[in-house]
Amino acid sequence: MLARVHSGALVGIDAYPVEVEIDVYPGMPSITVVGLPDSAVKESTARVKSAIINSGYPFPARRITINLAPAGLKKEGAGFDLPIALGTLAALDLLPAEKLEDYLVVGEVSLDGAVKWVRGALSLAISARQQGFKGLILPEMNAREAAVVEGIDVFGVSSLLTATGFIMGRVPLQPRRLSSEEQPPDAGAYPIDFKEVRGQEYAKRAVEVAAAGGHNVLMIGPPGSGKTMISQRIPTILPEPVFEESIETTRIYSAAGLLGRNGAVMTVRPFRSPHHTVSDAGLIGGGIIPRPGEVSLAHNGVLFLDEFPEFKKNVLEVLRQPMEDGVVTISRSQMSVTFPARFMLVAAMNPCPCGYRGDPKHECKCGALAVQRYWSKISGPLLDRIDIHVEVPAVNWKDVTGKTEGEPSAPVQERVNRARRIQLERFRNAGIYSNAQMGARHLKRFCPLGQESLAVLEKAMDVLGLSARAYHRVLKIARTIADLEGSENVLTPHVTEAVQYRSLDRRYM
Ligand SMILES: Nc1ncnc2c1ncn2[C@@H]1O[C@H](COP(=O)(O)OP(=O)(O)OP(=O)(O)O)[C@@H](O)[C@H]1O
Ligand SMILES: [Mg+2]
Ligand SMILES: [Zn+2]
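Residues numbered from 1 in each chain as written. Chains lettered and ligands numbered in written order. Predicted model: local features only at pLDDT ≥ 70, side-chain atom pairs only at ≥ 80, totals over all residues.

Novice: Tell me about the overall build of the chain, and please be specific about residues and values.
Specialist: From N to C terminus, the chain includes 22 helices and 18 strands. Along the three orthogonal principal directions, the C-alpha set of the chain runs to about 85 × 45 × 45 Å. Put simply, the chain has 509 residues, and 46% of those count as buried. (Helix = DSSP H or I, 4+ residues; strand = E, 2+ residues; numbered from the N terminus. Buried ≥ 20, exposed ≤ 12 C-beta atoms within 10 Å, placed from the backbone.)

Following this line, the structure appears as structure tokens:
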């Protein structure tokens, strides 16, 4: 007899429908899986057989053929175990096949019949709802993650027997709902705060502007000046993510298998700080079946590259595509997968190999050539995508040991939130979210300058020798500064402050 179970496969972070067909007929006992399965899927047959027997069902000696359709889609992982097990039981007439029609089923089973956690449950739930299924049957460990999707009933099962009992109507299961205390926790749950950073008002202001407009930022300063410390606190002032952003970020973590058991929707923006020894695959994603890399794990959040020039040149090169497009595409012979990768780049570095170039208290011992070589590691095109450069000088000892704390993160985040809301409203029909994403067209429309501010900007361009590209950068930053102030127009003080954040254009390039 033939049975069919609806399931799904993950490609990138999207789930696609997969039909699992099982045919049981007389003949030499054998189990065959067809339809482009990977080795984990092929091993599924052994797991499923044990799970069925250990759950107390008979397993007759027949020929079994399992077909995963569509055949063109590469299927991976153990998530087809549960659909295969249920389908086999239905094909053996031990389960009512028509009852399976209403559900999308996914789950790994172990030999004893326990149902184990899978990757990508959130995306599978979204796909199940889009296809109009009544319910989703999945591992209990994944139920909380999937339950955030409205309009579909999510049933978590911990064993094959619970699943069969539910389908036969013998085990009453309630659809998983999120209770109010399970709702996303307060986003302000960071153990660190900007108030711990003393002094460095200029750098803190620059970082606030960067967070408000989503601008990439590069911090340059001597050892111990607080660059790492400031960068690590940037997530505490980022604008609160809107629900869609949270879902998007969670889908990436779920697909990467990083959401973990009983995972919930991520309500804080991610902060990723890969070590400078990271490979290009680690950074942009890779693997035979591509998994998201650091740039995607930083989606909607911060990618922090500390000791920027220490990263291998080819690794930094691969950052260009995601920084330009907000996505990263990984091509394989069998498939090409696109992951979201819209992040705010925060980079930190010393001004020279010894670290003390320009420092009043230490002598820099680096020769001009060494300094040049040091800077040449960071390619021009990459630097070109960094809107804000900020010099972080050595801290005054008194500032660090004094009693006065800096401004806490909360009020800063308030201002950033306000500025971001203005941008969301402004760009509602423009297909972008923040000032940093503005193209030439947007700049013309949203950043007109008055006579006075235009004159100031042109003068600065002249005196500082800024390029045409730098001109656009300054305009974007000025727009963000105006938004932080709640000013509809970009005015002269906004332009003058913005010009200061282009220090590299004059000094090192
Ligand atoms: N502005 C500051 N306020 C309070 N503490 C500070 C400040 N700057 C530095 N410190 C202290 O100095 C330590 C070193 O700072 P941090 O690691 O951020 O320096 P850095 O600029 O990243 O240096 P490096 O170039 O060596 O990486 C911090 O952990 C902190 O204890
Ligand atoms: Mg550091
Ligand atoms: Zn030096």
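Novice: Any details on the environment of Tyr253? Residues and values, ideally.
Specialist: If you trace the backbone, Tyr253 turns up in helix 9 (residues 243-255). Along the chain, Tyr253 and Ser296 lie 43 residues apart, while their C-alpha atoms are 8.9 Å from each other. The contacts of Tyr253, once residues within four sequence positions are left out, are Leu258, Leu259, Met266 and Leu297. (Contact = placed C-beta atoms within 7 Å.)

Novice: If you had to explain the site of ligand 1 to someone new, which residues and values would you point to?
Specialist: Around ligand 1, a shell composed of 15 residues is seen, among which Pro223, Gly226, Lys227, Thr228 and Met229 lie nearest. For the shell around ligand 1, the element with the highest residue contribution is helix 8 (residues 227-232), accounting for three residues. Considered class by class, the residues forming the shell around ligand 1 number five nonpolar, eight polar and two charged. (Near = placed C-beta within 6 Å. Nonpolar A, V, L, I, M, F, W, Y, C, P; charged D, E, K, R; others polar.)

Novice: Tell me about the packing of helix 4 (residues 121-130) against helix 9, and name the residues and values.
Specialist: Helix 9 packs onto helix 4 with a crossing angle of 120° between their chain directions and a minimal axis gap of 7 Å. Overall, the two elements helix 4 and helix 9 adopt an arrangement that is oblique. Contact residues: Ala121, Leu122 and Ser123 in helix 4; Thr250, Arg251, Ser254 and Ala255 in helix 9. Counted by class, the contact of helix 4 with helix 9 contains three nonpolar, three polar and one charged residues. (Axes fitted to C-alpha atoms, helices over the stretch in contact; angles between N-to-C directions. Parallel < 35°, antiparallel > 145°, perpendicular 65-115°, else oblique.)

Novice: So what about the environment of Pro411? Which residues, and what values?
Specialist: Looking at where Pro411 falls in the secondary structure, it is placed in helix 17 (residues 409-426). Its 11 C-beta neighbours within 10 Å are what place Pro411 among the exposed residues. Taking the C-alpha atoms as reference points, Pro411 and Leu95, separated by 316 residues in sequence, lie 59 Å from one another.

Novice: Give me the lowdown on the sheet that holds strand 18 (residues 388-391), citing residues and values where you can.
Specialist: If you trace the five strands from one edge of the open sheet to the other, you get 11-14-17-10-18, paired in parallel fashion. Edge strands, defined here as strands with exactly one partner in the open sheet, are strand 11 (271-272) and strand 18. Both strand 10 (residues 217-220) and strand 17 (residues 344-349) contribute to a ladder of four bridges, which runs parallel. Directly across from Val217, in strand 17, lies its bridge partner Val346. Taken strand by strand, helix 7 (residues 201-213) contacts strand 10, strand 17 and strand 18, and its axis lies near 165° from that of strand 18. (Pairing = 2+ DSSP bridges.)

Novice: Explain the packing of helix 19 (residues 451-464) against helix 21 (residues 492-500) to me, using residue names and the numbers behind them.
Specialist: Packing of helix 19 against helix 21 leaves a shortest axis separation of 8 Å and a crossing angle of 20°. Between helix 19 and helix 21, the angle falls in the class roughly parallel. Seen along the crossing, helix 19 lies across helix 21 with a hand that is right-handed. Two secondary-structure elements touch here, helix 19 through Glu452, Ser453, Val456, Leu457 and Ala460 and helix 21 through Thr492, Val495, Thr496 and Val499. By residue class, the composition of the contact of helix 19 with helix 21 is five nonpolar, three polar and one charged. (Left-handed = near helix turned anticlockwise from the far one by under 90°.)

Novice: Go over the pairing of strand 17 with me, naming the residues and quoting the values.
Specialist: A large share of strand 17 lies buried, amounting to six of its six residues. Here strand 17 shows two buried faces, one formed by Met344, Val346 and Ala348 and the other by Leu345, Ala347 and Met349. Pairing of strand 14 (residues 302-305) with strand 17 involves four bridges; the strand directions are parallel. When the bridges of strand 17 are listed, Leu305 appears paired with Ala347.

Take it as geometry only, folks, not as evidence of what the structure does.
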